[in-house]
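So you can see what is in the structure, the chains are spelled out below.
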Amino acid sequence: MSKYDHIRNIAHKANLQLPEQGLVLFTFGNVSAADRNLRVFAIKPSGVPYEELTPDDMVIVDFDGITVEGKLRPSSDTLTHAVLYKQWDRIEGIVHTHSTYATAWAQTLRDIPIYGTTHADHLAYDIPCAPPMEDSMIRGNYEQETGFQIIDCLNQKGLRYEEVEMMLVGNHGPFTWGRSPEKAVYNSAVLEELAKMAYLSEQIRPGLDRMKKTLIQKHYERKHGPGSYYGQGGMR
Ligand SMILES: [Zn+2]
């Protein structure tokens, strides 16, 4: 027994969702689950295949990236998670994958344009793609700098992390987050689907325009606005 068992269990379950949703191959990808009161998160260990993972394998790390409890080495992306938890005080879950379509967009360094209502149901903006990092950042503390790159990119575009819960890191891949690990995994699956739809739309009609503002606002606000009326008041 440990006071961290609850987040170990949540992180374990959320990690298993990645292969189930077709978002990862082999040991790629990771999910973390935070307890903001204890200021720690549980994260997948480095290099362990999903089918062998147990809740006990999850490593407990603090918001400075220091391992607090666990037998295994935490995911190599742990410091990226730590930076985001430290900076953004309203998230409790983070996901990183190399899912195919989202990663393909990241490799082109393009934001994913908002072409349809499926996209607008989740966010009212293009999905941002952060530029590749400066050489000094790459040669320095790479994983930590990846976290700062994500934060800087959102700030530069004037976007709020509570509203835009997904982005691409140029030449690398997608990162998503949310108020719970389940929501962060959901966002990761949605991002992959939006990336796929946008890619196909551009194949069918090269040079197409973004959809118009009124339609974007209608779809975003009926789910997220003050007078939202979509669904039964479920996952937020
Ligand atoms: Zn990666």
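Residue numbers run consecutively from 1 along every chain, following the written order of its sequence. For this predicted model, a pLDDT threshold of at least 70 governs which residues receive local features, and a threshold of 80 or more governs which side-chain atom pairs are given and counted, while totals over whole chains, interfaces and linings are taken from all residues. The basis for every side-chain value is the complete set of heavy atoms in the structure, and neither hydrogens nor water enter the calculation.

Visitor: Outline the coordination of the zinc ion, listing residues and values.
Guide: Surrounding the zinc ion are the protein donor atoms His96 (NE2), His98 (NE2) and His172 (NE2), at 2.1 Å. With water omitted from the atoms examined, metal sites may look incomplete; donors here are N, O and S atoms no farther than 2.8 Å from the metal, or 3.2 Å in the case of Na, K and Ca. Sequence spacing among the residues donating to the zinc ion works out to H-x1-H-x73-H. In this pair, histidine 96 sits in strand 5 (residues 93-96) while histidine 172 sits in the loop between strand 7 (166-169) and strand 8 (173-178), placing the two residues 76 residues apart along the sequence. Residue exposure (1.4 Å probe, protein chains only): buried if accessible area is under 20% of the type maximum, exposed if over 50%, otherwise partly exposed. Taking relative accessible area as the criterion, histidine 96 reaches 1% and is therefore assigned buried. Taking relative accessible area as the criterion, histidine 172 reaches 15% and is therefore assigned buried. Per the convention used, a helix needs a DSSP run of H or I reaching at least four residues, while a strand needs a run of E reaching at least two, with both numbered from the N terminus.

Visitor: Explain the packing of aromatic side chains to me, and be specific about the residues and the numbers.
Guide: In summary, the pairing rule links any two rings of Phe, Tyr or Trp, Trp by its six-membered ring, whose centres are within 6.5 Å, and it sorts them by plane angle into stacked for under 30 degrees, edge-to-face for over 60 and tilted for everything else. Considering all chains together, one arrives at seven aromatic pairs under this definition. Each ring, one from phenylalanine 63 and one from tyrosine 85, has its centre 5.6 Å from the other, and the planes form 15 degrees; the classification is stacked. Taken together, the residues span a long stretch of sequence, with phenylalanine 63 in the loop between strand 3 (59-62) and strand 4 (67-69) and tyrosine 85 in helix 2 (residues 78-87) at a distance of 22 residues. When its relative accessible area of 5% is taken as the criterion, phenylalanine 63 is described as buried.

Visitor: Let's hear about helix 8 (residues 213-224): which residues, and what values?
Guide: An expected span of 1.5 Å times one less than the residue number is assigned to each helix. Its 12 residues give helix 8 an end-to-end C-alpha distance of 16 Å, which sits within 8% of 16 Å, the value for a rise of 1.5 Å per residue. Ile216, His219, Tyr220 and Lys223 are the residues of helix 8 that are buried. Down the axis of helix 8, the buried side of the element spans an arc of 90 degrees, and every buried residue falls inside it. Away from its buried face by more than 90 degrees, helix 8 exposes Lys213 and Thr214. Every residue pair with non-hydrogen atoms within 4.5 Å of one another is taken to be in contact. Taken together, the buried residues of helix 8 touch helix 4 (117-120) and helix 7 (181-204). It is the directions from the helix axis to the C-beta atoms that the arc portrays.

Visitor: For the state of the cysteines, give the residues involved together with the corresponding values.
Guide: What counts as a disulfide here is a pair of cysteine sulfur atoms lying within 2.5 Å. Under the defined criterion, the tally for this structure stands at zero disulfides. Not part of a disulfide, cysteine 129 finds its nearest cysteine sulfur in cysteine 153, a span of 7.4 Å. The buried category is assigned to cysteine 129, whose relative accessible area is 7%. When its relative accessible area of 4% is taken as the criterion, cysteine 153 is described as buried.

Visitor: Explain helix 2 to me, using residue names and the numbers behind them.
Guide: With seven of 10 residues buried, helix 2 lies mostly within the body of the structure. Residues of helix 2 that are buried: Thr78, Thr80, His81, Ala82, Val83, Leu84 and Tyr85. Check the buried side of helix 2 and you find it contacts strand 1 (30-35), strand 2 (40-43), strand 3, strand 5, helix 6 (142-156) and strand 8.

Visitor: Describe the side chain of serine 188, listing the residues and the values that go with them.
Guide: For serine 188, the location among the structural elements is in helix 7. Residue serine 188 is classed as buried on the basis of its relative accessible area of 3%. Residue contacts for serine 188: discarding those within four places in its chain leaves Leu23, Val95, Thr97 and Thr176.

Visitor: Describe the nonpolar core, listing the residues and the values that go with them.
Guide: Among the buried residues, those of types Ala, Val, Leu, Ile, Met, Phe, Trp, Tyr and Cys that are joined through side-chain atoms within 4.5 Å form a nonpolar core. The biggest cluster of nonpolar side chains holds 40 residues, and the ones touching the most others in it are Trp88 and Trp177. Excluding residues within four positions of it along the chain, tryptophan 88 makes contact with Arg36, Ile150, Ile151, Leu154, Tyr161 and Trp177. Formed by 19 residues, the second largest nonpolar core is a distinct cluster that contains Val31, Val40, Ala184 and Val185.

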